[in-house]
Amino acid sequence: LLKSLGNIVYLRTDPAVLFKRMQNKGLPLFLREDPSIENLEHLWNERHAVYTQLADHTIDNTHLTITKTADCVMAALHKSGFSPGA
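Residues numbered from 1 in each chain as written. Predicted model: local features only at pLDDT ≥ 70, side-chain atom pairs only at ≥ 80, totals over all residues. Heavy atoms only, no water.

Novice: Account for the pattern of salt bridges, naming residues and giving values.
Specialist: For the structure on display, the rule yields two salt bridges. Taking the shortest distance from any N to any O, the salt bridge between D56 and K3 comes out at 3.1 Å. Of this pair, D56 sits in the loop between α3 (37–54) and β2 (57–60) while K3 sits in helix α1 (residues 2–5), and the two are 53 residues apart along the sequence. Classification of K3 by relative accessible area gives partly exposed; the value is 42%. (Salt bridge = Lys/Arg side-chain N within 4 Å of Asp/Glu carboxyl O. Helix = DSSP H or I, 4+ residues; strand = E, 2+ residues; numbered from the N terminus. Buried < 20%, exposed > 50% of the residue type's maximum accessible area, 1.4 Å probe, protein only.)

Rendered as structure tokens:
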């Protein structure tokens, strides 16, 4: 179903960095019952292969700012022929 909607971009982030970001912004519902780095790593390991397999583009944003991440997403989509507003 996702593939039929267009390009899929996987924003890959190291689990330790992701956990720190989540602590700063608020934990998502799926982590609230067990808010541990171990639980996040377990979920990340389960899902990473699926996300990688589905993605048309993978961008490692572990050390990127929001702006640089957006720039990388737009560059990847542009290379695929994506045109905003089309």
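Novice: Which residues make up the nonpolar core, and what are the values?
Specialist: Most often, soluble globular proteins have nonpolar side chains that are buried together. If you look at the biggest cluster of nonpolar residues, it comprises six residues: F19, M22, L27, L31, L40 and L43. Within the residue set of this core, elements represented by two or more residues are α2 (15–25) and α3. Look past the residues within four positions of M22 in its chain and what remains in contact with it is L27, P28, F30, L31 and L40. (Core = buried A, V, L, I, M, F, W, Y, C linked by side-chain atoms within 4.5 Å. Contact = heavy atoms within 4.5 Å.)

Spatial relationships are all this shows, so hold off on functional conclusions.
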